[in-house]
Number of protein chains: 2
Amino acid sequence: MPASPPNPASIDFAALDMLRVVHELGSFTAAAEKLNVNQSAVSYTIGKLRACFQDPLFVREGGRQVATDRCEEILAKSLQMLGMLDEMLQPDAFAPGQATQNVTIACNYYERVLLIPGIVAAIRQVAPKMTVKVISSLSDGHLRLLRREADVLIGPFERAESGFHSRRLYGEEYACLMDPGHPLARTPLDADRYLSLNHVLIDYGAGWQSAFLRELEAAGHRLTPTIVVPSPAGLGTLIAGSDLVATIPRRLGARDAETLTLAPSPFRGRFDVSLVWAAHTNASAMHRWLRDLIWSACRG
Amino acid sequence: MPASPPNPASIDFAALDMLRVVHELGSFTAAAEKLNVNQSAVSYTIGKLRACFQDPLFVREGGRQVATDRCEEILAKSLQMLGMLDEMLQPDAFAPGQATQNVTIACNYYERVLLIPGIVAAIRQVAPKMTVKVISSLSDGHLRLLRREADVLIGPFERAESGFHSRRLYGEEYACLMDPGHPLARTPLDADRYLSLNHVLIDYGAGWQSAFLRELEAAGHRLTPTIVVPSPAGLGTLIAGSDLVATIPRRLGARDAETLTLAPSPFRGRFDVSLVWAAHTNASAMHRWLRDLIWSACRG
DNA sequence: CGGGCGCCATCTGATTTTCTGATGGGATAT
DNA sequence: ATATCCCATCAGAAAATCAGATGGCGCCCG
């Protein structure tokens, strides 16, 4: 009879559920009705299970189909599995109020100063039990996404490679920050005059080059900085009262607008600040929520 | 795109295993090779899972297929399930040496005295960690099997109903037990002389009638007992030195053969002692072992 | 930067599995 | 005994799954 023992891997959850119903009702026919299938379908499927498990599973005892001991064991595991399937099926809903996950955002100084406070406030308001971690992303932001070290990346990153998604938050450009007493504080700067200034250059290292520098060099010029610093931190106090000029993103400079002067740069180096994420987080409910939240916080 | 969301119950273990392999290898094509199927089969099955779980499960990230968070969760449960399937599949082997189960045997006085000691000894020899429980089965032995109160039933029970299996152990017949000094101890008994004796009748109650009595009554006779007792216990001392005669199974009487006389009865009431079990224990390895052991112990 | 290549999605048709409806045997109930 | 219920089985239909071919997309290499 068992010409070819059927492959147990071909057992599906419908078969396990049928086992459950037959066990519950003690009858193939009744199970068929409950499952809205033909009686012979039940017979067929139970027959297959019988062959797979090499056990009759159910035997007639005075009009009822009674489970064998082996069947009881199999059934117990089957019920567990059916429960697990149900768990697997529920589309990962995300309830910010109850959520306790951690969110890791990769970005740089610019975003840390200008955007993170608003983002953190927004998160804490609707998801007070969540935690936020901010990590820096010099030039390896995309890699950190792939390594799952960060959930999202915010910054001036063109989406080049596949495996990523991104959303533009807003456009930004560079401007010159200087002391209000600087001789050229009120004069429009052309390229030559700009290049002759005493520049404070921010060199983030790691091969990163600011957009205005790329534009400047593409135009055949070269910047000779007076001072090089690794980050915009403390820039305001460095410039105040000096003849130094720093070329930094406009919104960053705007924070010092009360004490310093922000003048247009001949090399504006326009770029976009974007939200970037790895493809593997694209469908996740939590990540979708996070991305929408960041988008609102950085636009509204 | 999701014209008809496929029924998640139609997911089988082969699909879960495919998920596992794709995750392991990070490639549909490689998984197809490993599973000895066509690449399009992998695509088809993963596509079905994608539809069931409403999640891409795998996304391309730099040449590799990377699992989504949801996929990781699903996979974790899938691995558990695949493990459970393997457990379910192993044909319940039974190792008497390690077994700690209990065995419950239903029987009556006759078997308890003549057979149980040998059975228990045999069990304890090969399965020292198992325990044995003996329960009485007046006329409800079959019911106790169905109720799973007993694993096997031993006794003179014809297998009438379905839902049971049985195996004949040996044939038995009734004989007359009396004091060696009894006037008829050496004379062959015919029916009339037998009927005129002073009988000790064992009446088990519960509607049970001994085979020799049925034979006797079928022949139109009637037995008028001098004494009625509910069990053969202590019968030897009751008969010794008296003119009482008890008609009991031959092997039971043989235990008193040194002090009492066992004479053929004109109503032999032949019957079979059988091992009976419920259909739902028929395939169980433990029960098969137990039945074989009992059969050997009662025959060998 | 263009062409080759590897990988997955999709199409078509073949194969296998599963289902329906009908029939028969065995056991139970009347 | 007869009627009835229940499961197994059969033949054919329907559905699911698979193989082979094709196309699109991105990567890699020149």
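Quick note: structure is the one above.
My aim in this report is to walk through the structure given alongside it, one point at a time. If you're wondering where the values come from, they're calculated on a predicted model, not measured in any experiment. (Residues numbered from 1 in each chain as written. Chains lettered and ligands numbered in written order. Predicted model: local features only at pLDDT ≥ 70, side-chain atom pairs only at ≥ 80, totals over all residues. Heavy atoms only, no water.)

Examining the overall build of chain A
- Check the secondary structure of chain A and you find 12 helices and 12 strands.
- Taken against the 2.2 N^0.38 rule, which gives 19 Å for 300 residues, the C-alpha radius of gyration of chain A at 33 Å runs more than 25% over that of a compact globule.
- Structurally, chain A occupies a C-alpha span of about 105 × 40 × 25 Å along its principal axes.
- The burial tally for chain A puts 47% of its 300 residues in the buried class.
- Each charge class in chain A can be summarised by its mean position, and for the 30 positive and 31 negative side chains these summaries are 2 Å apart. (Helix = DSSP H or I, 4+ residues; strand = E, 2+ residues; numbered from the N terminus. Rg over C-alpha atoms; globule rule 2.2 N^0.38 Å. Buried < 20%, exposed > 50% of the residue type's maximum accessible area, 1.4 Å probe, protein only. Lys, Arg positive; Asp, Glu negative; His and termini not counted. Charge placed at Lys NZ, Arg CZ, Asp CG, Glu CD.)

A look at the packing of helix H2 (residues 28–35) of chain A against helix H3 (residues 39–53) of chain A
Residue and element names in this part refer to chain A.
- With their axes 8 Å apart at the nearest point, H2 and H3 run at an angle of 110° to one another. The angle between the axes of H2 and H3 places the two elements in the roughly perpendicular class. Between H2 and H3 the crossing geometry is right-handed. Across from Phe-28, Thr-29, Ala-31 and Ala-32 in H2, the residues of H3 making contact are Gln-39, Val-42, Ser-43, Ile-46 and Arg-50.
- Its residues assigned to classes, the contact of H2 with H3 comprises 5 nonpolar, 3 polar and 1 charged. (Axes fitted to C-alpha atoms, helices over the stretch in contact; angles between N-to-C directions. Parallel < 35°, antiparallel > 145°, perpendicular 65-115°, else oblique. Left-handed = near helix turned anticlockwise from the far one by under 90°. Contact = heavy atoms within 4.5 Å. Nonpolar A, V, L, I, M, F, W, Y, C, P; charged D, E, K, R; others polar.)

Digging into the sheet that holds strand S4 (residues 131–136) of chain A
All names here are of chain A.
- In space, the 5 strands of this open sheet follow the order S4-S3-S5-S12-S6, with mixed pairing throughout. Looking along the sheet, the strands with just one partner apiece sit at the ends: S4 and strand S6 (164–172). The sheet shows a mean angle of 20° between the axes of neighbouring strands, direction not considered.
- Looking at chain direction, strand S3 (residues 102–107) and strand S5 (residues 152–155) are connected through 2 bridges and run parallel. Opposite Ile-105, over in S5, you have Val-152 as the bridge partner. (Pairing = 2+ DSSP bridges.)

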